[in-house]
Amino acid sequence: MRKNVIAGNWKMNMTPSETKAFITDLAPMVKGMDKCDIVLCVPFVDIATAVEAAKGTNIHVGAENVHFAESGAYTGEISAAMLKEIGTEYVVIGHSERRQYFGETDATVNLRTKTALKAGLKVILCLGEVKEQRLAGITDEVVSMQTKLDLAEVSAEDLKNVIIAYEPVWAIGTGLTATPEQADETCGVIRATIAKLYGAQAAEDITIQYGGSMNDGNAKELLAKVNVDGGLIGGASLKTDKFTTIVKAAN
Ligand code: 13P
C-alpha cells in the first residue's frame, strides 16, 4: 500500500534563521502524524539548518534541485554527493519554474534524476501540462511523454525511490486548482504510463502527488482521490498552520 507524501516546496523563500524557527514551530504540530511522510524541500543554504532542526522529528528534508554531473567545472552548482553528505533525503527535479526560467528540458531532468538516484537521494519528479496544452486537449499525451522521457533508463529498482508530482503549470501559484476529478484523472494517466513502462505492481506502488495551489481548504478533497497520493505544496507550505492542516488531511 503506497504512502501519502506531503512535501513543501519553499522555492526562494526563508533564510536559515527563519528555517530554524519554522521547523521548531512545526515539529510539535505534526508530531505523531505518521500515516504520511512529511518533507520540506528548502533552498540549498537552508538545508543544514533544516536537517539539524528536524532531528528526532518526523520531518524529512529535501533540496529543490541538483546538478546532473557528479562533480566538475560547473560554477555555482550543487552536486548530489554534497546534498547527501549534509543529510538531504529528497530532491525536487524538473519543477516547472526551472523548466520555464532556467532552460530545464526533459533531457536534463532525466540526467539529474539518474544522478540523484545513483547518489541515494529520493527524487520528487515534477511534470505537468501548460494551459495551452490542456485547452488543446493534449494533457494526457504531454504527461505521458514527460513520464517516459524523464524516467528513461531509470531501473525498476531505482523507481522505488521516485515520487512523481503532477503539477499542472496553469495551477501553480495562480490560485487556480485542478478539480479533484482532473487531478485524479491525470495522475491516473501517469500511473497507467508507469504500468506500461514498469508493470502493474510498480504502478500500484508509486506515489503520485498533486501540486498547484493545494492549500488547507482544498487538500482534503484532492487527497481523497484514489490516484492522488499526497501533495507538493508551494505557498501554503510557508505557514505552519496551513501546512499542518494539509498533513492532517493526508493522515
Ligand atoms: P503553489 O502551491 O504555490 O501553487 O505551488 C505549487 C508548486 O509549485 C509546488 O512545487
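Parameters and conventions
Residues numbered from 1 in each chain as written. Predicted model: local features only at pLDDT ≥ 70, side-chain atom pairs only at ≥ 80, totals over all residues. Heavy atoms only, no water. Helix = DSSP H or I, 4+ residues; strand = E, 2+ residues; numbered from the N terminus. Rg over C-alpha atoms; globule rule 2.2 N^0.38 Å. Buried < 20%, exposed > 50% of the residue type's maximum accessible area, 1.4 Å probe, protein only. Contact = heavy atoms within 4.5 Å. Areas by Shrake-Rupley, 256 points an atom, 1.4 Å probe, with all protein chains shown as cover. Lys, Arg positive; Asp, Glu negative; His and termini not counted. Charge placed at Lys NZ, Arg CZ, Asp CG, Glu CD. Core = buried A, V, L, I, M, F, W, Y, C linked by side-chain atoms within 4.5 Å. Pairing = 2+ DSSP bridges. Axes fitted to C-alpha atoms, helices over the stretch in contact; angles between N-to-C directions. Parallel < 35°, antiparallel > 145°, perpendicular 65-115°, else oblique. Nonpolar A, V, L, I, M, F, W, Y, C, P; charged D, E, K, R; others polar.

1. Some words on the overall build of the protein chain
In terms of helices and strands, the protein chain carries 12 helices and 8 strands. Computed over its C-alpha atoms, the radius of gyration of the protein chain comes to 17 Å, within 12% of the 18 Å expected for a compact globule of 251 residues. The buried share of the protein chain, taken over its 251 residues, is 52%. Once local pairs closer than 6 in sequence are excluded, the contacts in the protein chain between residues at least 24 apart make up 73%. Accessible area of the protein chain: about 11300 Å², with a carbon and sulfur share of 55%. Of the side-chain charges in the protein chain, 25 are positive and 32 negative, and the distance between the mean point of each set is 3 Å.

2. Observations concerning the nonpolar core
Residues Ile6, Leu40, Ile59, Val91, Ile164 and Tyr210 are the most contacted members of the largest nonpolar core, which totals 63 residues. Val5, Val39, Tyr90 and Ile124 belong to the second largest nonpolar core, which has 11 residues in total.

3. Description of the sheet that holds strand E2 (residues 36–41)
Strand order in the closed barrel formed by 8 strands is E1-E2-E3-E4-E5-E6-E7-E8, with parallel pairing between adjacent strands. Ignoring which end each strand starts from, the neighbouring axes of this sheet average 25° apart. Where E2 lies against strand E3 (residues 59–63), 4 bridges are found, and the strand directions are parallel. Each bridged residue has a counterpart across the sheet, and for Cys41 the counterpart in E3 is Gly62. Its contacts with the sheet place helix H7 (residues 139–150) against strand E5 (122–127) and strand E6 (162–166), and it is angled at close to 150° to E5.

4. Considering the packing of helix H5 (residues 106–118) against H7
It is the contact of H5 with H7, at a shortest axis distance of 8 Å, that shows an interaxial angle of 45°. It follows that H5 is oblique to H7 by the angle criterion. When H5 is examined against H7, the residues Asp106, Val109, Asn110 and Thr113 are found in contact with a partner set consisting of Gln146, Leu149 and Asp150. Here the contact of H5 with H7 is composed, by residue class, of 2 nonpolar, 3 polar and 2 charged.

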